[in-house]
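The chain contents come next:
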Amino acid sequence: MRTQIIENCAYYDHPVIADDRGSLIALEGGNILPFELARAYFIFGTSPEAQRGFHAHKVLHQWVVAVAGSCVLMVDNGRERKDVELNSPKIGLYAAPMIWKEMRDFSGDCVLLVLASAKYDEAEYIRNYDDFMDRVRAAANRP
Ligand code: TYD
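Residues numbered from 1 in each chain as written. Predicted model: local features only at pLDDT ≥ 70, side-chain atom pairs only at ≥ 80, totals over all residues. Heavy atoms only, no water.

1. Let's talk about the sheet that holds strand 10 (residues 91–95)
Selection criterion: Two strands are counted as paired when DSSP detects at least two bridges linking them. Put simply, DSSP H or I for four residues or longer makes a helix, DSSP E for two residues or longer makes a strand, and each gets a number counted from the N terminus. All axes are obtained by fitting lines to C-alpha atoms, using only the stretch in contact for helices, and the reported angles, taken between N-to-C directions, cover 0 to 180 degrees.
If you trace the 6 strands from one edge of the open sheet to the other, you get 1-2-10-7-12-5, paired in antiparallel fashion. Strand pairing shows two members of the sheet lacking a second neighbour, strand 1 (2–6) and strand 5 (39–43), which therefore form its edges. For this sheet the average axis-to-axis angle between neighbouring strands, irrespective of direction, equals 25 degrees. Where strand 2 (residues 9–13) lies against strand 10, 5 bridges are found, and the strand directions are antiparallel. Of the residues in strand 10, the one forming a bridge with Ala10 is Tyr94.

Encoded structure:
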């Protein structure tokens, strides 16, 4: 099931394959994920005070899963912003390009998996919020 958080950002229930040995979730590019998968990375060992993110991507699509523990992810499309708690491997948060993200309140055991549509490219990051808002406004004014 898809639940919209803000425009261009939603979370999805993962299909869980469960039996008496435990559970398995498979995420395929172009099937469950609305993009082809080029990269996976994960964040772990975060302190409770850590704040991460504070950027948006010009072209990257991402799928974010708390495979263990929990954290709060703030998502902002330049028109509205919302906090989402990620606390289950059964849920994936999809963010299209041009979503500003900030992460905080990591539990000690949090492992945050991010699946991404392209390889790492610092040139496609927007790390300044004013620049992000300038781009949102420019896109809104484009005919
Ligand atoms: P950073 O963007 O600060 O992480 P976060 O999104 O959690 O705030 O990235 C930390 C460092 O890791 C930075 O030097 C860039 C590097 N990095 C890679 O080399 N490859 C990657 O895929 C990612 C996501 C980051």
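2. Some details on the packing of aromatic side chains
The relation between two aromatic rings is expressed through the spacing of the ring centres and the mutual angle of the planes. This is how it is decided: In this scheme Phe, Tyr and Trp rings, the latter by its six-membered ring, pair at centre separations within 6.5 Å, and the angle between planes marks the pair as stacked below 30 degrees, edge-to-face above 60, and tilted otherwise. Here's how the labels work: a residue is buried when its accessible area is under 20% of the maximum for its type, exposed when over 50%, partly exposed in between, all with a 1.4 Å probe on protein chains only.
What the rule picks out here adds up to 8 aromatic pairs. Ring centres 6.1 Å apart and planes at 40 degrees place the aromatic pair Phe42 and Phe44 in the tilted group. Each member of the pair Phe42 and Phe44 is classed as exposed. By way of ring pairs, the aromatic residues Tyr12, Phe35, Trp63 and Tyr94 are connected into one cluster.

3. Some thoughts on unusual backbone geometry
In this structure, Asn8 takes a positive phi of about 75 degrees despite not being glycine. Positionally, Asn8 belongs in the loop between strand 1 and strand 2. A positive phi is found at Met98, a non-glycine position, where the angle reads about 65 degrees. Note on placement: Met98 falls in the loop between strand 10 and strand 11 (100–104).

4. Section: the pattern of salt bridges
Definition in use: Whenever a carboxyl oxygen of Asp or Glu lies within 4 Å of a side-chain nitrogen of Lys or Arg, that contact is scored as a salt bridge.
The final tally for this structure, using the stated rule, is 7 salt bridges. The salt bridge partner of Glu7 is Arg79, with a shortest N-O separation of 3.6 Å. Here Glu7, found in the loop between strand 1 and strand 2, pairs with Arg79, found in the loop between strand 8 (71–76) and strand 9 (81–86); they are 72 residues apart in sequence, far enough to count as distant. A relative accessible area of 42% places Glu7 in the partly exposed class. For the salt bridge of Arg104 with Asp105, the shortest nitrogen-to-oxygen distance reads 3.4 Å. Each of Asp83, Arg104 and Asp105 takes part in one network of salt bridges that share partners.

5. Here's the deal with the layout of surface pockets
We count it as follows: Note on definitions: the grid is 1 Å and covers protein atoms alone; a cavity is a set of points where a 1.4 Å probe fits but cannot get out; a pocket is an open set with protein on both sides within 12 Å along at least five of seven lines; lining residues have an atom within 4 Å of a point. Grid points are joined across faces, edges and corners, and a volume is the space filled by probe spheres set on the points. When residues are sorted by character, Ala, Val, Leu, Ile, Met, Phe, Trp, Tyr, Cys and Pro go into the nonpolar class, Asp, Glu, Lys and Arg into the charged class, and all the rest, Gly among them, into the polar class.
Size it by volume and the largest pocket reaches roughly 210 Å³. Around the largest pocket, the lining residues are Asn8, Lys58, Asn77, Arg79, Pro97, Met98, Arg135, Val136, Ala138, Ala139, Ala140 and Arg142. Class assignment of the residues belonging to the lining of the largest pocket gives a composition of 6 nonpolar, 2 polar and 4 charged. If you add up the space inside the second largest pocket, you get close to 180 Å³. What lines the second largest pocket is a set of 13 residues, and nearest its centre among them are Tyr41, Ile43, Gly53, His55 and Met103. When residues of the lining of the second largest pocket are traced back to their parent elements, those giving at least two are strand 5, strand 6 (52–57), strand 7 (62–68), strand 11 and strand 12 (111–116).

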